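Here's the letter readout for the chains.
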Amino acid sequence: MPAWLFDLQGVGAVISGIAALIAAFYAKSAAKEMKPNHGSSMRDLLDVMDDRIKSLGHRQGELHDQLQNLVDSERDTHAQIWKRLEKLEN
């Protein structure tokens, strides 16, 4: 048997080397997922989600503006009604 098998430093070096190869393999596959490939990569899915979130934000802003316009309109209408009621009471 080789002498390094009985030496803890040698065994540690071999295990570290194997672990580094495995980590490099996983890093390569993870890096591949972060490059767009027009549909099935994680990067493409994140881009689609980002676009949808931005779209929802714009729509929320539009709805807020519409609601604010309704509130302002109703406030004016109520003010006019109160003025008419005050005229009728006098």
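This text follows the structure it describes.
Definitions and limits used
- Residues numbered from 1 in each chain as written.
- Predicted model: local features only at pLDDT ≥ 70, side-chain atom pairs only at ≥ 80, totals over all residues.
- Heavy atoms only, no water.
- Phe/Tyr/Trp six-rings, centres within 6.5 Å; stacked < 30°, edge-to-face > 60°.
- Buried < 20%, exposed > 50% of the residue type's maximum accessible area, 1.4 Å probe, protein only.
- Helix = DSSP H or I, 4+ residues; strand = E, 2+ residues; numbered from the N terminus.
- Lys, Arg positive; Asp, Glu negative; His and termini not counted.
- Salt bridge = Lys/Arg side-chain N within 4 Å of Asp/Glu carboxyl O.
- Polar contact = N/O pair within 3.5 Å; in protein donor to acceptor, adjacent residues only side chain to side chain.
- Contact = heavy atoms within 4.5 Å.

Caption draft 1: Geometry of the packing of aromatic side chains. For the structure shown, the criterion picks out one aromatic pair. With centroids separated by 5.6 Å and ring planes inclined at 65°, the aromatic side chains of Phe 25 and Tyr 26 adopt a geometry described as edge-to-face. Tyr 26 matches Phe 25 in its accessibility class, with the two residues each being exposed.

Caption draft 2: Quick look at the side chain of Asp 44. Structurally, Asp 44 is set in helix H2 (residues 42-89). Buried Asp 44, no salt bridge; nearest opposite-charge side chain is Arg 43, N-O distance 6.7 Å. At a separation of 3.1 Å, a polar atom in the side chain of Asp 44 contacts the side chain of Ser 41. Not counting chain neighbours up to four residues away, the residues in contact with Asp 44 comprise Pro 36, Asn 37, His 38 and Gly 39.

Caption draft 3: Geometry of the side chain of Ser 41. One can find Ser 41 in the loop between helix H1 (8-33) and H2. Residue Ser 41 is classed as buried on the basis of its relative accessible area, which comes to 1%. Apart from residues lying up to four places away in sequence, Ser 41 is in contact with Glu 33, Lys 35 and Pro 36.

Caption draft 4: Region of interest: the environment of Ile 15. For Ile 15, the position within the fold is in helix H1. Ile 15 gets classed as exposed once you look at its relative accessible area, which sits at 54%. Distance in space between the C-alpha atoms of Ile 15 and Asn 90 is 97 Å, their sequence separation being 75 residues.

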